[in-house]
Amino acid sequence: MEVKIGVQHTPRELVLESAQTPAEVEQAVTEAMAKDSVLTLQDEKGRKVIVPIAKVAYVEIAESSNRPFGFTTR
């Protein structure tokens, strides 16, 4: 699934593909907010993204979509 993290005072957002479920990501965000600590997520390749929760503007959680490419007919 795709996770987008908006960071304050940054023109670009962080985007990662995660093997975690939407519920797991939501729980990680909620826990980080409650503790006023850092948000730690892991992508599909095992890399970790760590962001101070005080700098997070938003977190968008979306299921990955298989987008068609090339010439397709609908």
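Provided above is the structure to which this section pertains.
First things first, this report covers the structure right here in the doc. (Residues numbered from 1 in each chain as written. Predicted model: local features only at pLDDT ≥ 70, side-chain atom pairs only at ≥ 80, totals over all residues. Heavy atoms only, no water.)

Turning to the nonpolar core, a few remarks are in order. Formed by 14 residues in total, the largest nonpolar core has its most connected members in Val3, Ile5, Val25, Leu39 and Leu41. Looking at this core, the elements with two or more residues in it are strand S1 (2-7), helix H1 (22-35) and strand S3 (38-42). It is H1 that contributes the most residues to this core, four residues altogether. (Core = buried A, V, L, I, M, F, W, Y, C linked by side-chain atoms within 4.5 Å. Buried < 20%, exposed > 50% of the residue type's maximum accessible area, 1.4 Å probe, protein only. Helix = DSSP H or I, 4+ residues; strand = E, 2+ residues; numbered from the N terminus.)

With that settled, consider the pairing of S1. Of all six residues making up S1, five are buried, and the element is well covered by its neighbours. Judged from the four bridges that link them, S1 and strand S2 (residues 14-17) form a sheet pairing that is antiparallel. Counted as the bridge partner of Val3 is Leu16 from S2. Between S1 and S2, which pair antiparallel one after the other, the connecting turn spans six residues, and His9 there sits at a positive phi close to 60°. (Pairing = 2+ DSSP bridges.)

Further remarks concern the pattern of salt bridges. Note that side chains of opposite charge can pair when their charged atoms are close. This model, assessed by the stated rule, comprises two salt bridges. Of the charged contacts, one joins Glu13 and Lys4 as a salt bridge, the two residues approaching to 3.9 Å between their closest N and O atoms. Look at Glu13 and you get partly exposed, because its relative accessible area is 33%. Note that Asp43 and Arg47 form a salt bridge whose closest N and O atoms lie 2.8 Å from each other. (Salt bridge = Lys/Arg side-chain N within 4 Å of Asp/Glu carboxyl O.)

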